[in-house]
Amino acid sequence: MSKIITSKWSRRDILKAGAASGIVAGMPMFYMKNAFAANYLNDPGSAAAVTFGFNVPQTGAYADEGADELRAYKLAVKHLNGEGDGGMIHTLKPMSLKGNGVLGKKVKYVTGDTQTKSDAARASAKRMIEKDGVTMVTGGSSSGVAIATQSLCQEAGVIFMAGLTHSNDTTGKDKRRNGFRHFFNAYMSAAALAPVLKKNYGTDRKAYHLTADYTWGWTQEASMVAFTEAIGWKTVATVKTPVGAGDFSQFITPILNSGADTLILNHYGKDMINSLTQAVQFGLRDKQVNGKDFVIIVPLYSRLMAQGAGDNIKGIFGSTNWHWSLPDAGTKAFVKSFGAEYGLPPSQAAQTCYVQTLLYADASERAGTFMPSEVIKQLEGFKFDGAGNGPTEYRAADHQCFKDVLVVKGKEKPSSQFDLLEIVEVTPRAKVEYKPDNKFFAGGKLGPANNGV
Amino acid sequence: MENGSATKDFITLLVFAVAILTMPIWMAPIGANYPDLLQRFAIYGIFAIGFNLLFGLTGYLSFGHAAFLGVGSYTAVWSFKLLSMNILPALLFSVLFTGLLAAVIGFVSLRRSGIYFAILTLAIAQMSYNLAYSVLTPITNGETGLQLRNYDVRIIDNLFGKVATEGIPSTNLFGITMSGYSGFYFSAVVLILCFWISLRIFRSPFGITLRGIKSNQKRMGYTGFNTRPYLLAVFIISGMYAGLAGGLLAVTDPLAGAERMEWTASGEVVLMTILGGLGTLSGPMIGAVVIKYFENIFSSIGDQRLLEIFSWAPDGLQHALAYVVSPFVGNGWQLTLGLLFVVIIIFLPGGLVSGFKRIFTKLKPIAKGVAKKEAKKEGADTGEAGT
């Protein structure tokens, strides 16, 4: 084959032309840079509104939780803007919000679908930060996603208020200065559950773990293994299962012959509904092993999951961050306005997201600015009450909220389709508290605050 | 068939370069001029252009190209963790490593053609995805995704004592951070280079051989051609393009997740190429832009925004319109994309590029003076659609 094409454009010509067009095209970059000459990224300045970004899973294994989180966020925005009955704004103490938006600005919001995937979550958070100009991103329902979004917000220079994320790593080795978590974590769950399990099931149990194969599952499994072994239980096996597997039968059959008498399901969302339902269908709960009734434990419970799993959850122990049947004023106010708006009680995911939004707004109001470094100063070490969990503190050392933890059990005789969990014990904060350098949390550093400029 | 003259080629390249580099300006009216999306346009453009080299030229449909994208990302992130936050070694290793992997996968799968080839590549890619998700968790960090940490070793950076800053350093090109617009311009320059290489391949004897394989591989064999080395070569090149794209994804956002390798991601690049125009030079780029635009902008239009859009209409009509349109935006963006895809396949089998070409040919006699130049460009662009 001979050479077909001869070019009269030398390589040098092409490079020259390329460089020239590069310079021309680069111009707008410098103009746009000027728009960022504020003190911090996405400064609303004198604009009449401030925008928050609500990044929740609308598809995937955690979509139910995501839908409820979004309901809570919309309600929070209403209350911040002085619409509706105000909800927790009246019960949260201390509280500097007046129901006229934040710092006199109306609150607007944008939403995004994380698809329960880190990649998609980061793309959608980036859109919010770069295009919609949000000062704060919030959301979650998967710790993998929450951790990915948190580090993105740290790099970009906006605040991340974590929604439902239960992994120890979120405020452990992946903690960041710009990120805050109100929700409790796997360590707290295990610490609260262990005494109750000891009381009900004794000290001689053989546990088999099925674990969602990502950061949350890993840390919850590690915490549960540590605390159950401390009360004398033995761990037979720990098996990792993929998230969103749908069919867990291949993981459940080996349990029957493993000699285990306890199954600990480190699953959440639709995964937990599926694995629990299948475990019950396989007859695990009717079995007798080692002369004991076979029992199942779901360390992290939510009412939405209980609803999905139906009768199968009766009598099963777990822990939860909050439940709508609590008697305090904050819970009552929130359940009332949520019920009036949507006709159903809020889930624990909804509560944590709602509270996070109010806490951020309140901190900005007190700081007098949305500048991340100033808002962080207001949130670090902030003590408050009236949000449904009793007295709560945002610990400055790791940005984790410390409060009481609920141990719950699936109700034997539910009175309504929402009344599925009964509170067995309210474990006081002191029992679940740990040092910031605890071995389950060590290794991370908050680093410096980032204002994005 | 092949007579794109050098001048025409140069004009094509120039128009392409200007169009890409000025994206921040002309994308503004449709709300797509923010850095993250622009980066995605450029990066997936590279991915699609590389894919088109294989599928467009030889007709071999690889259904597992996302595996290379994922491996490229993982390699780049590991380079950031172990060596340096400078992006050059990261990209170099991404390309080399995926090239190597492509050689192995290509050697196995290219023993078959047609549907069997597609199934083989799909199977291998799904296998890689599941490996990344389970067995290789120590390397890939599974579902959580591979991320940078404060305590990463970064040998080269530490050698030069660049550890003064607190927090995780950002990816950079000798000090220029690779996020925001600088990340886009870097990706854009790489994209233009990739486009130029693709153009050279299209015009080269090598490219013509590949097209020969597409039109009749048997006859190529009868004339004494051993087609396998050519196929393997283009498969490797195409894999390297994907690896480069994956590396760039990690450069602009240092996180690698297994979902990047899922079969849906492989399907996406097939859609991009066909939507834009299979076997054309700029078609895959156009397809990539359209799909990424839908994914990021259409999916974010909620009810609130719809009502704003239809605020010109009287009250009752406003809500009615919003009600009718709402299933097609937000979560329903894939529905719209699907419809668009069906329409294009039925009415414009040549993809969007052939649609533009038709429009320009119609306009040509009417507005000779204005349209002449662009039609010429289109001619150069689609003339090589080939068979």
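Residues numbered from 1 in each chain as written. Chains lettered and ligands numbered in written order. Predicted model: local features only at pLDDT ≥ 70, side-chain atom pairs only at ≥ 80, totals over all residues. Heavy atoms only, no water.

Visitor: I'm lost on the overall build of chain B in this one. Help?
Guide: Each helix and strand counted, chain B has 18 helices and four strands in total. Computed over C-alpha atoms, the radius of gyration of chain B comes to 22 Å, within 12% of the 21 Å expected from 2.2 N^0.38 for 387 residues, which places it in the range of a compact globule. Dimensions of chain B along its principal axes, counting C-alpha atoms only, are 70 × 65 × 40 Å. The long-range fraction of contacts in chain B, counting pairs at least 24 apart against all pairs at least 6 apart in sequence, stands at 76%. Accessible surface computed for chain B: about 16400 Å², of which carbon and sulfur atoms make up 70%. Side chains of chain B give 27 positive and 19 negative charges; the mean places of these two sets differ by 16 Å. (Helix = DSSP H or I, 4+ residues; strand = E, 2+ residues; numbered from the N terminus. Rg over C-alpha atoms; globule rule 2.2 N^0.38 Å. Contact = heavy atoms within 4.5 Å. Areas by Shrake-Rupley, 256 points an atom, 1.4 Å probe, with all protein chains shown as cover. Lys, Arg positive; Asp, Glu negative; His and termini not counted. Charge placed at Lys NZ, Arg CZ, Asp CG, Glu CD.)

Visitor: Just to check I follow, could you spell out the overall build of chain A for this structure?
Guide: Counting secondary structure elements, chain A contains 13 helices and 17 strands. Along the longest, intermediate and shortest principal axes, the C-alpha atoms of chain A span 85 × 75 × 40 Å. Relative to its full complement of 453 residues, chain A shows a buried share of 60%. Long-range contacts, defined as pairs at least 24 residues apart, comprise 73% of the intrachain contacts of chain A with a sequence gap of at least 6. On chain A, roughly 16000 Å² of surface is accessible, and the fraction owed to carbon and sulfur atoms is 54%. Positive and negative charge centroids in chain A, built from 51 and 41 side chains respectively, lie 5 Å apart. (Buried < 20%, exposed > 50% of the residue type's maximum accessible area, 1.4 Å probe, protein only.)

Visitor: What am I meant to see in the domain arrangement of chain A here?
Guide: Put simply, an interface is often sized by how much accessible area is lost when its parts join up. Residues and elements named next belong to chain A. On domain assignment, one finds that chain A holds domain 1 (49-184 + 324-402) and domain 2 (187-320). Here domain 1 and domain 2 have C-alpha centroids that lie 29 Å from each other. Contact residues are listed per partner, giving 27 residues for domain 1 and 23 residues for domain 2. Carbon and sulfur atoms supply 58% of the area buried between domain 1 and domain 2, which totals about 2000 Å² over both sides. Contact with domain 2 buries surface across domain 1, with Tyr62, His166 and Phe184 losing the most and accounting together for 29% of the total. Summed over the shared surface of domain 1 and domain 2, the result is one salt bridge. A salt bridge links Lys270 to Asp64; the nearest nitrogen and oxygen atoms lie 4.0 Å apart. Taken together, the links from domain 1 to domain 2 amount to 17 residue pairs in polar contact (both at pLDDT 80 or more). Counting residues per element, the ones that place at least two in the side of domain 1 that touches domain 2 are α2 (63-80), α4 (143-156) and β15 (401-402). No other element matches α2, which puts four residues into the side of domain 1 that touches domain 2. (Domains from an automatic or database assignment. Buried area = accessible area lost by both parts, 1.4 Å probe. Salt bridge = Lys/Arg side-chain N within 4 Å of Asp/Glu carboxyl O. Polar contact = N/O pair within 3.5 Å; in protein donor to acceptor, adjacent residues only side chain to side chain.)

Visitor: Explain the sheet that holds strand β13 (residues 383-384) of chain A to me, please; I cannot follow it from the model alone.
Guide: Backbone-to-backbone hydrogen bonds pair the strands of a sheet. The strands run either parallel or antiparallel. With respect to topology, three strands assemble into an open sheet ordered β13-β14-β15 (chain A), the strand pairing being antiparallel. Bordering the open sheet on either side are β13 and β15 of chain A, each of which pairs with just one other strand. (Pairing = 2+ DSSP bridges.)

Visitor: Honestly, the confidence of the model for chain A in this entry has me stumped. Any pointers?
Guide: When pLDDT is low, close inspection of the predicted coordinates is not appropriate. All names here are of chain A. The share of residues in chain A with pLDDT of 70 or more is 92%, and the mean pLDDT across the chain is 87. Ranking the helices and strands of chain A by mean pLDDT puts strand β4 (residues 159-162) first, with 95, and helix α1 (residues 11-34) last, with 54. The model gives residues 26-37 a pLDDT under 50, and that stretch makes 10 contacts with residues more than four places away or in other chains. (pLDDT = per-residue confidence, 0-100.)

Visitor: I'm lost on the side chain of Thr171 of chain B in this one. Help?
Guide: Residue and element names in this part refer to chain B. With respect to the element layout, Thr171 can be found in the loop between α8 (155-159) and β2 (172-173). We classify Thr171 as buried; its relative accessible area is 4%. Within the structure, Thr171 has its side chain in polar contact with the backbone oxygen of Val251 (distance 2.8 Å). Among all residues touching Thr171, those that are not within four sequence positions of it are Phe80, Met85, Ile87, Ile176, Thr177, Met178, Ala250, Val251 and Pro254.

Visitor: How should the pairing of strand β3 (residues 136-139) of chain A be read in this particular structure?
Guide: Taken residue by residue, a regular strand's side chains alternate between the two faces of the sheet. Residue and element names in this part refer to chain A. Here β3 shows a buried face lined by Met136 and Thr138 and a second buried face lined by Val137 and Gly139. Where strand β1 (residues 49-56) lies against β3, three bridges are found, and the strand directions are parallel. Of the residues in β3, the one forming a bridge with Phe54 is Thr138. With four bridges connecting them, β3 and β4 associate as parallel partners. Of the residues in β4, the one forming a bridge with Met136 is Ile159.

Visitor: Help me understand the sheet that holds β3 of chain A in this model?
Guide: Residue and element names in this part refer to chain A. With parallel pairing, the five strands of this open sheet are ordered in space as β2-β1-β3-β4-β5. Each having just a single partner strand, β2 (106-113) and β5 (179-181) make up the two edges of the open sheet. Between one strand and the next, the sheet's axes are offset by a mean angle of 20 degrees, whatever the strand orientation. Of the strands in this sheet, β1, β2 and β3 are in contact with helix α3 (residues 118-130), which crosses β2 at around 150 degrees. (Axes fitted to C-alpha atoms, helices over the stretch in contact; angles between N-to-C directions.)

Visitor: Is there a simple way to explain a nonpolar patch on the surface in this structure?
Guide: Residue and element names in this part refer to chain B. On the surface, Leu82, Val153, Ile155, Ile156, Leu159 and Phe160 cluster together into a nonpolar patch covering about 600 Å² of accessible area. Examining the composition of the nonpolar patch, we find that three residues originate from one element, α8, more than from any other. The exposure class of Leu82 is partly exposed, given its relative accessible area of 38%. (Patch = residues over 30% accessible without salt bridge, like charges linked within 9 Å, V, L, I, M, F, W, Y side chains within 5 Å.)

Visitor: What should I look at first to understand the packing of helix α12 (residues 263-276) of chain B against helix α16 (residues 333-347) of chain B in this one?
Guide: Any two packed helices are characterised by how steeply their axes cross, that is the angle between the axes, and by the distance between the axes. Residues and elements named next belong to chain B. The N-to-C vectors of α12 and α16 enclose an angle of 45 degrees; their axes lie 10 Å apart at closest approach. With respect to each other, α12 and α16 are oriented oblique. The chirality of how α12 crosses α16 is left-handed. Every residue of α16 that contacts α12 at Leu271, Ile274 and Leu275 is listed here: Phe341, Ile344 and Ile345. (Parallel < 35°, antiparallel > 145°, perpendicular 65-115°, else oblique. Left-handed = near helix turned anticlockwise from the far one by under 90°.)

Visitor: When you look at the pairing of strand β11 (residues 295-300) of chain A in this model, what are you seeing that I'm missing?
Guide: Residues and elements named next belong to chain A. In terms of burial, β11 is a largely internal element, six of the six residues being buried. Here three bridges tie strand β8 (residues 262-266) to β11, and the two strands are oriented parallel to one another. When the sheet's bridge partners are listed, Thr262 is paired in β11 with Val295. Of the pairings in the sheet, the one linking β11 to strand β12 (residues 317-320) comprises two bridges and is parallel in character. Within β12, the residue paired with Leu300 across the bridge is Ser319.

Visitor: Just checking my understanding: could you explain the packing of aromatic side chains for this structure?
Guide: Two aromatic rings, taken as a pair, are described by how far apart their centres are and by the angle between their planes. Here the structure, examined in full by the defined rule, presents 34 aromatic pairs over all chains. Note on Phe183 of chain A and Phe184 of chain A: the rings are 5.1 Å apart at their centroids and 70 degrees apart in plane angle, and the pair reads as edge-to-face. Taking the centre distance of 5.3 Å and the plane angle of 20 degrees together, the rings of Tyr129 of chain B and Tyr133 of chain B count as stacked. With Tyr129 of chain B and Tyr133 of chain B both in helix α6 (residues 114-133) and four residues apart, this pair spans about one turn of that helix. Like Tyr129 of chain B, the residue Tyr133 of chain B is buried in the burial classification. Following the ring pairs from residue to residue traces out a cluster consisting of Tyr187, Phe227, Phe402, Tyr434, Phe440 and Phe441 of chain A. For the cation-ring pair, Arg366 of chain A lies above Phe382 of chain A, with the distance from its terminal atom to the ring centre recorded as 4.0 Å. The ring of Tyr434 of chain A has Arg395 of chain A lying over it, and the distance from NZ or CZ to the ring centre is 5.0 Å. (Phe/Tyr/Trp six-rings, centres within 6.5 Å; stacked < 30°, edge-to-face > 60°. Lys NZ or Arg CZ within 6 Å of the ring centre and 35° of its normal.)

Visitor: Please explain unusual backbone geometry as it appears in this structure.
Guide: If a residue is not glycine, its phi is most likely negative; likewise, a peptide bond is most likely trans. Residues and elements named next belong to chain A. Between Lys93 and Pro94 the backbone carries a cis peptide bond, its omega angle lying at -5 degrees. Secondary-structure assignment places Pro94 in the loop between α2 and β2. Positive phi outside glycine occurs at Gln115, with the angle close to 55 degrees. Within the secondary structure layout, Gln115 lies in the loop between β2 and α3. In the Ramachandran plot, Thr116 falls in the positive-phi region, its phi being about 55 degrees despite a non-glycine side chain. Inspection of the secondary structure puts Thr116 in the loop between β2 and α3.

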